[in-house]
Structure formats: structure tokens, C-alpha cells
Amino acid sequence: MKKILILLIMLLMFTACTNGDEPETPVKDNPEVKEEINFPFEELEGYWVSQSGNGYFLIYKNDANEYSFKEGDFDGFETGEIDIRSIEKMGDTKYYFETKYIDMDGLIGNKVIDIKELEMSYIQIEEDKYVFVGFDEYQAKLAHKARLFALYYDKLIGIWNGDDTNDFVSFFIQDDEFMLAPGLYDSDGFGSLAIHSYIWVEGAKYEVAAHSNQNADFLFEFELDLKDIDNDKIIYNGVSMHFGGTDFNSAYEEYAKRFH
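Here the structure is a predicted model, which is why all the values come from computation and not from measurement.

Engineer: Would you take a moment to explain the packing of aromatic side chains for this structure?
Structural biologist: Both the distance between ring centres and the angle between the ring planes are used here to describe each pair of aromatic rings. Summed over the entire model, instances satisfying the criterion amount to 24 aromatic pairs. Geometrically, the ring pair formed by phenylalanine 39 and phenylalanine 41 is edge-to-face, given 4.8 Å between the ring centres and 70° between the ring planes. Of the two residues, phenylalanine 39 and phenylalanine 41, neither departs from the other in class, the shared state being buried. Ring plane angle 80° and centroid distance 5.2 Å describe the contact between tryptophan 160 and phenylalanine 243, whose orientation is recorded as edge-to-face. In this pair, tryptophan 160 sits in strand β9 (residues 158-162) while phenylalanine 243 sits in strand β16 (residues 239-245), placing the two residues 83 residues apart along the sequence. What makes phenylalanine 243 partly exposed here is its relative accessible area of 26%.

Below, the structure written as C-alpha cells:
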């Protein structure tokens, strides 16, 4: 009986000291930390151009030395600075960015970037594939316009006749080179020439240089305006032309009907 009374007294003393509260949960010495997302910004700095249009995507450091985005096109439109609010990894090579368009009234948006083809200078942004074209805006613009000229190759192949003259120019591919053969109907031609460079002027206008594979000293320069090529019209060295045909006979027949 004496032992029971002692145990009761000890229990009452313990309850009074704790006021009936549960003991506090001990604090962990090493709380769990969320894994940091390491996106390879340094490898992606510069201009990326859409393969399906005229748009670009710029990855750069802003005035606060923090990575930001900017998007637009090479004809003058741009969003201004796009702040990166958060990054989430969606897979081995795909990242989700929550963004804020600083210069567009703080518009909230997002971007999904896949870098699986980064080693080949390609990235995927949303549904579009982008190619790297450089760090400098001017050089990136030139590279982009030169790439666009290459897209005209398929549309140019064939023979083009002067609207009001006997000029013609034939574009074709030979031994993996893009060639042209200018001339005058009912006269002598100038032979085949290989295009080796093109410089963007403005719009869809280019200064093009070609050379003769037979005579390395013979260089040929001309201006080509392709703004209306989808309507089968071009301007070649100031001469308005239309598509005459896929071979010389059909192109000559089209010319002869108008002038003979």
C-alpha cells in the first residue's frame, strides 16, 4: 500500500510539471532540401531561330546578371525581357519554365524547352524546332536570312522567263551544287554557274554571287528578289520574270507564244 501511494504521488508531480501537454517533437538536425534544378544556360546563350517560321528565341543575361529570355522575329517584333520565375524538370532533357513578361505588363506565361538535340545545335521550344544562329543580333540576322534563302531552292528550280524581254534564267542542282544558267532566247547563253554566296539585302532581296566551274576567274554577281515567288514571280537583276516551265522546251514555247 505504501508503494502504491508513492507511485501516485510521483504521477501527480509529473502531470503538474507538464500541465498535461504532450512532449514537444524534436527538431531534425538535417531537414529535407528540395533538389536544385541545374539547367545548362551557358551552353544555350544566344539566338535560336525557328525552323518553321521567322521567329527567334534569345537566351541571355539581363542587367542584374540573371538569365532571361526574349522572343520575337527579325522584322522588328519582340517581347522584351522575359523573367524566369521557376524551373521544373519534366524528363531527362525537358524543362518547364514559369515566366513573367516584364515589358508586357507582367504577363504570366510558361515555356517548355527540350534540349535532347543540343549537341547538334538544335532545341525544341513547345512544338517548334530551333537552330542556334549566333550571339550577335546582326550576325544572327544575316545567318537567318541566308538560311531562308536555302529554303527557296526548291521553289526556284526551273526556268524563269522575262515578262517583257527575251531574258531567261534556269536554276537547277548538279553534283550537289545549286546552279544557274542565265541567257537570252534566240541568242547565246552564258553557260552554267555555281552559286557560292548570297547576302541578304532587305525583305526577300539578296545579292548573289556565282562562279564558273570551267573558268575560276569568271565571277557573276546578280540581285534576286523573291518576295513574290509563291505567285511564280521573281525579279532577277531588275528584270521582272515569271515561271516558264520545268524544262527548256516548255519554257521556250511559253516565250515564243508571246514574242513570235
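Additional details are given in the paragraphs that follow.
Engineer: What's the story with helix α3 (residues 137-151) in this structure? I'm lost.
Structural biologist: For an α-helix, 3.6 residues make a turn, and residues three or four places apart therefore share a direction. In this model, α3 (15 residues) spans 21 Å end to end at C-alpha, consistent with the 21 Å of a helix rising 1.5 Å per residue. For α3, the full list of buried residues reads Ala140, His144, Lys145, Arg147, Leu148 and Phe149. Of the residues flanking the start of α3, the one acting as N-cap is aspartate 136, its side-chain oxygen 3.1 Å from the backbone nitrogen of tyrosine 138.

What counts and how
Residues numbered from 1 in each chain as written. Predicted model: local features only at pLDDT ≥ 70, side-chain atom pairs only at ≥ 80, totals over all residues. Heavy atoms only, no water. Phe/Tyr/Trp six-rings, centres within 6.5 Å; stacked < 30°, edge-to-face > 60°. Buried < 20%, exposed > 50% of the residue type's maximum accessible area, 1.4 Å probe, protein only. Helix = DSSP H or I, 4+ residues; strand = E, 2+ residues; numbered from the N terminus. Expected span 1.5 Å × (residues − 1). Polar contact = N/O pair within 3.5 Å; in protein donor to acceptor, adjacent residues only side chain to side chain.

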